[in-house]
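Observations on the three-dimensional arrangement
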Amino acid sequence: MTLEVQREGTHSFVGRNERGAEVRLGRAGAEGAFSPAELLQIAAAGCSAVTAEQLITRRVGEDSKFRASVTADRREGASELDAVHVAFDVDVSSLDEAQREALAGAVDRAIERLCTVSRTLKKAIPVTETFPTA
């Protein structure tokens, strides 16, 4: 799978995949664009939501809507995130306490085992760059 980021103008970029999807990137605060750090957080929340979807809909209902919000800890002026926090907002009022706890545990285990983004962030993999020199 090839992904690319292309410069469109000053501090304006578009990320694309082979399936035709696009996402606008820019510096923090750029109108109509995500910053790279925001995309990292969105990826963590998105991966958690995609991983948990079937568990949630099977227990809460196929038509259930839910949200995974994300925040991050970042020291003032730092060029790195210290932690990423994903929080689910799901209406579990139809479940009793034992069912809610079982679902929360199943979601946690699934994310720990299957969420590529969270697993990768926790592992802290190397990132390499190449730049043409000739």
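Here we summarise the structure given alongside this text. Source: prediction; values computed, not measured.

Quick notes on the rules
- Residues numbered from 1 in each chain as written.
- Predicted model: local features only at pLDDT ≥ 70, side-chain atom pairs only at ≥ 80, totals over all residues.
- Heavy atoms only, no water.
- Salt bridge = Lys/Arg side-chain N within 4 Å of Asp/Glu carboxyl O.
- Buried < 20%, exposed > 50% of the residue type's maximum accessible area, 1.4 Å probe, protein only.
- Axes fitted to C-alpha atoms, helices over the stretch in contact; angles between N-to-C directions.
- Helix = DSSP H or I, 4+ residues; strand = E, 2+ residues; numbered from the N terminus.
- Parallel < 35°, antiparallel > 145°, perpendicular 65-115°, else oblique.
- Left-handed = near helix turned anticlockwise from the far one by under 90°.
- Contact = heavy atoms within 4.5 Å.
- Nonpolar A, V, L, I, M, F, W, Y, C, P; charged D, E, K, R; others polar.

What follows deals with the pattern of salt bridges. Pairing is possible between side chains of opposite charge, provided their charged atoms come close. Tallying each qualifying case throughout the model produces seven salt bridges. A salt bridge links Arg16 to Glu22, with the shortest nitrogen-to-oxygen separation between them at 2.9 Å. Arg16 sits in the partly exposed class, given a relative accessible area of 24%. The exposure class of Glu22 is exposed, given its relative accessible area of 52%. Salt bridges here are not isolated pairs; linked through shared partners, they connect Glu4, Glu8, Arg16 and Glu22.

This paragraph deals with the packing of helix 1 (residues 36-60) against helix 2 (residues 97-114). When two helices pack together, their arrangement is given by the angle between the helix axes and the distance between those axes. Here helix 1 crosses helix 2 at 150°, and the two axes come no closer than 9 Å. Overall, the two elements helix 1 and helix 2 adopt an arrangement that is roughly antiparallel. Considering only the axes of helix 1 and helix 2, their crossing is right-handed. Two secondary-structure elements touch here, helix 1 through Ser48, Thr51, Ala52, Leu55, Ile56, Arg59 and Val60 and helix 2 through Leu103, Ala106, Val107, Ala110, Ile111 and Leu114. Of the residues that constitute the contact of helix 1 with helix 2, the class distribution is ten nonpolar, two polar and one charged.

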